[in-house]
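Observations on the three-dimensional arrangement
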Amino acid sequence: MDPAPATPRWNLERPYLTGRFHQETKVSSAAQAPGCKSFSLDSLSRDAGAGAGSVLGSYAVSMQELLVIDDLLSALAGVEGRYISIKRVREKDGYVVFQIDSSMDLALQELTRRIFPFCEDFVLVSQFVESRSHSKNGLVNHALAAALRAFLLDYQAMVAQLEHQFRLGRLSVQGLWFFCQRMMSSLNALAVLVEKAISNNTSGSATLNLLQSQAKAMAGDSAVRSLLEKRAECASAAYLRMLERWVYEGVIEFFIAENKSLQKVLIDRKGKDGIPTFLNNVAATILTTGKYLNVMRECGHNVQVSLSENSKVTSFGSNHQYLECIKSAYDFASGELLTLMKDKYDLIGKLRSLKRYLLLDQGDFLVHFMDIAREELTKKPEDISVEKLQSLVDIALRSTAAASDPSHEELTCCVERSSLLKKLTTLKDLDCAYSSDKLASADVDQPMTLTGLETFCLVYKIQWPLSLVISRKALTKYQLIFRLLFHCKHVSRQLCTAWQIQQGFRSVKILGTPILRSSILCRSMLKFVLEPNWHLMHDRLETARSIDEVIQIHDFFLQKCLKECLLLLPELLVKVEKLKALCLQYATSIQLLIPSIDVANPEKTPKSGLSRSRIKRSQHRDQQLKLASENVVMSESILKFETEFNSELLSLVPTLSKSSQAEPYLTHLAQCILGVGIDQ
């Protein structure tokens, strides 16, 4: 931004051009022209005193009155007279006091001193007008200075009329005091305003707030209040013009600040000078309206709210016309951007694509990928080749139904370096109570067994302007849910494999039924958590009227899914991780123990002896089951896992029961995990 133009030097060196001649002005010797005499208050006083000839008290009272009226008229214009002098208040720029010759008649002195505050108010307001007209003070202060200058013109016209009456011999000190009454309260109110503006160094919306507060404070004086309201209206004209450009074109000029160091993010209200009080209730609407227009301009879709005489934001009067204009602009901008996002950028389609991959809705793709990437995923994170995993992801996408999805090319993968629980402790903006100390005390032995199955994650590339809705924060939440479900899917597959192996053990009644309940966890999350929440979000998106509403609905959906997947409940998630670890140990043991029980294979029979072959295979199977049932190692292993699993489930009961009272959605999940009501 270009710096404000500097005030011309001559504007300070020649005070008679600016109305500052009544104040002491020091001009440096370097700035003076040769032979130029420095100007000061003392020189004025000496010159005035030299022409006086004698003290005022030496004249008759009638003559004193004439002389003091002449000086009072000069004082009303901010100029010293022969017997009335001006003294500047030290350390207060613009503040002066008037003094009278003490030899004057006491009655005249009393009347004269009553008029001095009026003169001092004029000098203060006049000095404010001069100082706030400089370029560095901003458009609002410029407009206020111009409005005050217009008032001072009326004031100076009054002084000129009083001088005319004096020249005609029709003015006394008492009459002067009487005629000043009409403007005295108004000028004093402006002086109080100016004094506060100077002391607080206000600008922009702070100046407008000061004007409004002063106007409200003068509720008992309708004339003064009307005067201040008119000054406020004049001062706000420039502000409202900038407001118009923001809500009608999306052009940033006032209390909206743009951070260009961030890549394509929403513009935020920084509140450089605060917000005018009359805009407090619609500040969010103003921000949103211009933000929508600005986003469309960034996308090359130039739109502008249609303007008419009634739609111009010209004032903030009691008719609240400006509120209707802002509301109309908001409705237009929100409708245009929402249509653009849905039609041109296929927002709903992108959300479906995210559900398909990151929420495991595309089942065939995930199953195929887990089959072909099994070897790579069992490695430690530092040993995994991300490039190889990416090629396997591409193969799975092209060889399944996902190939018909035009958005599948936006899908990539990565391998995290930490477990899901540790990742949750590093996220500060999640609504949960994760802490490293709490998780450390939970004794979850994950770093020793960390593999790609726990750290693999999909990444979805979101382009502008869809990143307004599907932000980086939202993608992080999707990835947290994916990592949990992906590992649950792995646990479920392992349990299914173990279940298939031990199907024949039903007859010998050593099936670890409680352990197999854990395979329900992943399906429960998909069936009872993600799918209902998705449909609820989809229905709400259909009736959304603005992008901000879409963002709110989408964020609510993600937060609800995180909570109902236990990712925001550390105590429960730690226990679920323990249960999953037990399930993996159990499944691995079953797959290792049962195939190790060797039984002699029956002899191969010709095709003519198929019936005899079936009998022999049945006998072989029964023999294997009998040996397995008699195998002490396998029986003890299954019973051990069942005992440990039941112990963990029992420890989970109090926590789930307590939490389900505050979180009703946990009730159904508790039934699925604990097996309550399954038989029903």
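As a reminder, the structure under discussion sits directly above these lines.
In this text the structure is predicted, and so the values were computed from the model without any measurement. (Residues numbered from 1 in each chain as written. Predicted model: local features only at pLDDT ≥ 70, side-chain atom pairs only at ≥ 80, totals over all residues. Heavy atoms only, no water.)

So, on to the overall build of the chain. Looking only at helices and strands, one finds 25 helices and six strands in the chain. Counting across all 680 residues of the chain, residues that qualify as buried make up 49%. Of the contacts made within the chain by residues no fewer than 6 positions apart, 72% connect residues no fewer than 24 positions apart. Accessible surface computed for the chain: about 34800 Å², of which carbon and sulfur atoms make up 51%. (Helix = DSSP H or I, 4+ residues; strand = E, 2+ residues; numbered from the N terminus. Buried < 20%, exposed > 50% of the residue type's maximum accessible area, 1.4 Å probe, protein only. Contact = heavy atoms within 4.5 Å. Areas by Shrake-Rupley, 256 points an atom, 1.4 Å probe, with all protein chains shown as cover.)

The N-to-C vectors of helix 6 (residues 173-200) and helix 8 (residues 222-249) enclose an angle of 45 degrees; their axes lie 9 Å apart at closest approach. On the basis of the axis angle, helix 6 is oblique to helix 8. The chirality of how helix 6 crosses helix 8 is right-handed. Taken together, the residues of helix 8 that come into contact with helix 6 (itself represented by Ser185, Ser186, Ala189, Leu190 and Leu193) are Val224, Leu227, Leu228 and Arg231. (Axes fitted to C-alpha atoms, helices over the stretch in contact; angles between N-to-C directions. Parallel < 35°, antiparallel > 145°, perpendicular 65-115°, else oblique. Left-handed = near helix turned anticlockwise from the far one by under 90°.)

Further remarks concern the side chain of Glu376. For Glu376, the location among the structural elements is in helix 13 (residues 374-377). Looking at Glu376, its side chain comes within polar contact range of the main-chain nitrogen of Ser385, at 2.9 Å. What Glu376 contacts, discounting residues up to four positions off in sequence, is Asp383, Ile384, Ser385, Lys388 and Leu389. (Polar contact = N/O pair within 3.5 Å; in protein donor to acceptor, adjacent residues only side chain to side chain.)

What follows covers unusual backbone geometry. Look at the link from Trp464 to Pro465: it is a cis peptide, with omega at 5 degrees. Its place among the elements puts Pro465 in the loop between strand 6 (456-460) and helix 18 (472-501). Of note, the phi angle at Asp346 is positive, near 50 degrees, even though the residue is not glycine. Examined against the element boundaries, Asp346 turns out to sit in the loop between helix 10 (321-343) and helix 11 (347-358). A positive phi is found at Leu360, a non-glycine position, where the angle reads about 60 degrees. Along the chain, Leu360 falls in the loop between helix 11 and helix 12 (363-372). Looking at Leu360, the relative accessible area reads 10%, which means it is buried.

Membership of the largest hydrophobic core comes to 160 residues, with the highest contact counts inside it found for Leu76, Leu279, Phe369, Leu389, Phe456, Leu458 and Leu567. At 13 residues, the largest contribution of residues to this core is made by helix 6. Apart from residues lying up to four places away in sequence, Leu389 is in contact with Phe369, Ala373, Glu376, Leu377, Ile384, Cys413, Val415 and Phe456. In this structure, Leu572, Val576, Ala587 and Phe645 belong to the second largest nonpolar core, which totals 20 residues. (Core = buried A, V, L, I, M, F, W, Y, C linked by side-chain atoms within 4.5 Å.)

The next point concerns the packing of helix 12 against helix 14 (residues 386-398). Relative orientation of the contacting elements helix 12 and helix 14 amounts to 140 degrees, with a least axis distance of 9 Å. For the element pair helix 12 / helix 14, the angle class is oblique. The hand of the helix 12/helix 14 crossing is right-handed. Here Phe365, His368, Phe369 and Ile372 of helix 12 come into contact with helix 14, specifically with Leu389, Leu392, Val393, Ile395, Ala396 and Leu397.

Over its 13 residues, helix 7 (residues 205-217) extends 18 Å from the first C-alpha to the last, a length consistent with the 18 Å expected when each residue adds 1.5 Å. Taken residue by residue, helix 7 has Ser205, Thr207, Leu208, Leu210, Leu211, Gln212, Gln214 and Ala215 as its buried positions. Tucked inside the fold, the buried residues of helix 7 contact helix 5 (138-167), helix 6 and helix 8. (Expected span 1.5 Å × (residues − 1).)

This part covers the pairing of strand 2 (residues 96-100). Burial along strand 2 is one-sided: Val96, Phe98 and Ile100 are buried, while Val97 and Gln99, pointing the other way, are not. Sheet topology places strand 1 (residues 84-88) next to strand 2; five bridges connect them, and they run antiparallel. Pairing of Lys87 across the sheet is with Val97, part of strand 2. (Pairing = 2+ DSSP bridges.)

This part covers the pairing of strand 5 (residues 411-415). Burial within strand 5 is extensive, with five of its five residues counted as buried. Of the two faces of strand 5, the one carrying Leu411, Cys413 and Val415 and the one carrying Thr412 and Cys414 are both buried. Here strand 5 runs beside strand 6; their pairing, made up of five bridges, is antiparallel. By the bridge assignment, Cys414 is partnered in strand 6 with Cys457.

Per the counting criterion, the structure on display carries twelve aromatic pairs. Ring centres of Tyr357 and Phe365 lie 5.7 Å apart, and the angle between their planes is 85 degrees; this geometry places the pair in the edge-to-face category. The exposure classification of Tyr357 matches that of Phe365, with both residues buried. Taking the centre distance of 6.2 Å and the plane angle of 75 degrees together, the rings of Trp534 and Phe557 count as edge-to-face. Of this pair, Trp534 sits in helix 20 (residues 520-543) while Phe557 sits in helix 21 (residues 547-564), placing them 23 residues apart in sequence. Across the pair, Phe557 and Trp534 agree in class, each one buried. One aromatic cluster is present, formed by Tyr357, Phe365, Phe369, Phe456, Phe482 and Phe486 through successive ring pairs. The aromatic ring of Trp177 is capped on one face by Arg114, whose charged end is 5.8 Å from the ring centroid. (Phe/Tyr/Trp six-rings, centres within 6.5 Å; stacked < 30°, edge-to-face > 60°. Lys NZ or Arg CZ within 6 Å of the ring centre and 35° of its normal.)

When their charged atoms lie close together, side chains carrying opposite charge are able to pair. Across all of its chains, the model carries 15 salt bridges by this definition. Among the salt bridges present, the one from Asp548 reaches Lys291, with a minimum N-O distance of 3.4 Å. Remark: Lys291 occurs in helix 9 (residues 283-298) and Asp548 occurs in helix 21; sequence separation between them is 257 residues. You can call Asp548 partly exposed: its relative accessible area is 25%. For Lys291, a relative accessible area of 7% corresponds to the buried category. (Salt bridge = Lys/Arg side-chain N within 4 Å of Asp/Glu carboxyl O.)

Geometric values such as these leave the question of function open.
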